[in-house]
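In case you want the letters, here they are:
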Amino acid sequence: MKLRSEFAPWDAELLYSVPGLRVADPKACQCGEVLKGVIKPWECKVFGTACTPETPIGTCMVSPEGACAAYFNYGRFSMASERTRLHVVPQSEITRP
């Protein structure tokens, strides 16, 4: 996206030398997978432990509207502790009286 030439006097990219910087999330952060829908925020390795809204590691936790921050702030944080507790029993193993 670029400004039209009539707005060139106010175009910061033309007025200042702005390098094209790319900043990657730390390796422990799984924001990419969260944003693609591969995992839920609470399935991330650092969610709710090293990565919280107070100490965000990745972009999904920085903004209150981010996926991880929303899960953390609106009561879904308990899922992180439950993921280790839950065990799915196959239908074939269920005995009926």
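Above this text is the structure in question.
The paragraphs below set out a description of the structure included in this document. Each chain has its residues counted from 1, following the order in which its sequence is written. It should be noted that, the model being predicted, local features are given only for residues of pLDDT at least 70 and side-chain atom pairs only at 80 or more, the latter also being counted only at that level, while totals for whole chains, interfaces and linings use all residues. The basis for every side-chain value is the complete set of heavy atoms in the structure, and neither hydrogens nor water enter the calculation.

**Re the overall build of the protein chain**
Then, in step 1: Counting secondary structure elements, the protein chain contains 5 helices and 0 strands.
Then, in step 2: Ordering the α and β elements of the protein chain from the N terminus gives α-α-α-α-α.
Then, in step 3: Out of the 97 residues in the protein chain, the part that is buried amounts to 23%.
Then, in step 4: Two residues qualify as a contact provided that any one of their heavy atoms is within 4.5 Å of a heavy atom in the partner residue. In the protein chain, the proportion of contacts linking residues at least 24 apart, taken out of those at least 6 apart, comes to 43%.
Then, in step 5: Per-residue and other accessible areas follow the Shrake-Rupley method at a 1.4 Å probe size, with only the shown protein chains counted as cover for residues. Looking at the protein chain as shown, the accessible area adds up to about 8,000 Å², and 58% of this sits on carbon and sulfur atoms. Per the convention used, a helix needs a DSSP run of H or I reaching at least four residues, while a strand needs a run of E reaching at least two, with both numbered from the N terminus. Only protein chains enter the calculation, and the probe is 1.4 Å; a residue is then buried if its accessible area is under 20% of its type maximum, exposed if over 50%, and partly exposed in between.

**Some remarks on empty space enclosed by the protein**
Then, in step 1: Lining residues are defined by having an atom within 4 Å of a point belonging to a cavity or pocket. Those points lie on a 1 Å grid over the protein atoms alone, cavities being sets where a 1.4 Å probe fits but cannot get out and pockets being open sets with protein on both sides within 12 Å along at least five of seven lines. Grid points are joined across faces, edges and corners, and a volume is the space filled by probe spheres set on the points. A complete count under the given rule lists 1 cavity of 30 Å³ or more for this structure.
Then, in step 2: The volume enclosed by the largest cavity comes to roughly 60 Å³.
Then, in step 3: Those elements giving two or more residues to the lining of the largest cavity turn out to be α2 (31-36) and α3 (59-62).
Then, in step 4: Among the residues forming the lining of the largest cavity, the class breakdown is 10 nonpolar, 1 polar and no charged. Polar here means any residue outside two lists: the nonpolar Ala, Val, Leu, Ile, Met, Phe, Trp, Tyr, Cys and Pro, and the charged Asp, Glu, Lys and Arg; Gly therefore counts as polar.

**Description of the packing of aromatic side chains**
Then, in step 1: For Phe, Tyr and Trp, rings pair up if their centres lie within 6.5 Å, where Trp contributes its six-membered ring, and each pair is then called stacked (planes under 30 degrees apart), edge-to-face (over 60) or tilted (otherwise). Per the counting criterion, the structure on display carries 1 aromatic pair.
Then, in step 2: Consider the rings of F47 and F72, whose centres lie 6.1 Å apart with planes at 75°: the pair is edge-to-face. Placement of the pair is F47 in the loop between α2 and α3 and F72 in helix α4 (residues 67-73), with a sequence separation of 25 residues.

**Structural notes on the nonpolar core**
Then, in step 1: By size, the foremost hydrophobic cluster in this structure holds 14 residues, and its most contacted members are V34, C44, F47, C60, M61 and C68.
Then, in step 2: Sorting the residues of this core by element identifies α2, α3 and α4 as the ones contributing at least two each.
Then, in step 3: What C60 contacts, discounting residues up to four positions off in sequence, is C31, V34, L35, G66, A67, C68 and A69. Here, nonpolar core refers to any group of buried Ala, Val, Leu, Ile, Met, Phe, Trp, Tyr and Cys residues whose side-chain atoms link them within 4.5 Å.

**Focus on a nonpolar patch on the surface**
Then, in step 1: In this scheme, patches are assembled from residues that exceed 30% relative accessible area and form no salt bridge. Like charges are connected within 9 Å, while nonpolar side chains (Val, Leu, Ile, Met, Phe, Trp, Tyr) are connected within 5 Å. Basic side-chain nitrogens of Lys or Arg form a salt bridge, by our definition, when they fall within 4 Å of a carboxyl oxygen of Asp or Glu. Together, L3, F7 and W10 give the surface a local cluster of nonpolar side chains, amounting to about 360 Å² of exposed area.
Then, in step 2: For W10, the location among the structural elements is in the segment before α1 (12-15).

**Structural notes on the environment of G66**
Then, in step 1: Structurally, G66 is set in the loop between α3 and α4.
Then, in step 2: Exposure remark for G66: the relative accessible area of 12% places this residue in the buried category.
Then, in step 3: Here the alpha-carbon distance between G66 and C31, two residues 35 residues apart in the chain, equals 9.7 Å.

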